[in-house]
Amino acid sequence: MAEAKAETVHLSTHRVVMDLHRGGLHRALGVPENQEIPKERIEKATHSKNEHLSKMAHLAQTMASWNKK
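Fair warning: this is a prediction, and the values are worked out from it, not measured in the lab.

Trainee: Report on the overall build of the protein chain, specifying residues and quantitative values.
Mentor: The helix and strand inventory of the protein chain stands at four helices and zero strands. Put simply, the protein chain has 69 residues, and 25% of those count as buried. Taking contacts inside the protein chain between residues at least 6 apart in sequence as the whole, the part at least 24 apart equals 45%. With an accessible surface of roughly 6,100 Å², the protein chain has 53% of that area assigned to carbon and sulfur atoms.

Written out as structure tokens, the structure reads:
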């Protein structure tokens, strides 16, 4: 009989983008949506054990660096 392997779930950036809901990171961090999230809180969230929160924070850092015209 084949030995059962433990499945590893990998969250891709694609899933984070597709599950992106306006204000989701604000709600997860407890910051009111009408206020900007401090960069220190986003940096701390990138090291979260919650993979989805970590991916959202990484995406927020990436989107902040995009050229805004």
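Trainee: Got a sec to walk through the environment of Lys44? Specific residues and values, please.
Mentor: Within the element layout of this structure, Lys44 appears in helix H3 (residues 39–45). Owing to a relative accessible area of 67%, Lys44 belongs among the exposed residues under this scheme. Along the chain, Lys44 and Ala57 lie 13 residues apart, while their C-alpha atoms are 8.6 Å from each other.

Trainee: Go over the nonpolar core, please, and point to the residues and values.
Mentor: Membership of the largest hydrophobic core is limited to nine residues, which are Leu25, Leu29, Val31, Ile37, Ile42, Ala45, Leu53, Met56 and Ala57. Counting residues per element, the ones that place at least two in this core are helix H2 (24–29), H3 and helix H4 (51–64). The element that contributes the greatest number of residues to this core is H4, accounting for three residues. The contact partners of Ala45, leaving out residues within four places of it in the chain, are Leu29, Leu53, Ser54 and Ala57.

Trainee: Explain H4 residue by residue, including any values.
Mentor: With 14 residues, H4 should reach 20 Å at 1.5 Å per residue; the first-to-last C-alpha distance of 20 Å fits that figure. Between the side-chain oxygen of the N-cap and the backbone nitrogen of His52 there are 3.0 Å, and the N-cap of H4 in question is Asn50.

Trainee: Could you give an account of the pattern of salt bridges, with specific residues and numbers?
Mentor: This structure, assessed with the given rule, holds one salt bridge. Measuring nitrogen to oxygen at the nearest pair gives 3.0 Å for the salt bridge that ties Arg27 to Glu33. Among the residues examined, Glu33 registers a relative accessible area of 48% and is labelled partly exposed.

Trainee: Please give an account of the side chain of His26 that cites residues and values.
Mentor: Residue position: His26 is located in helix H2. Taking relative accessible area as the criterion, His26 reaches 17% and is therefore assigned buried. With residues up to four places along the chain from it excluded, the contact list for His26 reads Val31, Pro32, Glu33, Gln35 and Ile37.

About the cut-offs
- Residues numbered from 1 in each chain as written.
- Predicted model: local features only at pLDDT ≥ 70, side-chain atom pairs only at ≥ 80, totals over all residues.
- Heavy atoms only, no water.
- Helix = DSSP H or I, 4+ residues; strand = E, 2+ residues; numbered from the N terminus.
- Buried < 20%, exposed > 50% of the residue type's maximum accessible area, 1.4 Å probe, protein only.
- Contact = heavy atoms within 4.5 Å.
- Areas by Shrake-Rupley, 256 points an atom, 1.4 Å probe, with all protein chains shown as cover.
- Core = buried A, V, L, I, M, F, W, Y, C linked by side-chain atoms within 4.5 Å.
- Expected span 1.5 Å × (residues − 1).
- Polar contact = N/O pair within 3.5 Å; in protein donor to acceptor, adjacent residues only side chain to side chain.
- Salt bridge = Lys/Arg side-chain N within 4 Å of Asp/Glu carboxyl O.

Remember, this is a structural readout, not a statement about activity or role.
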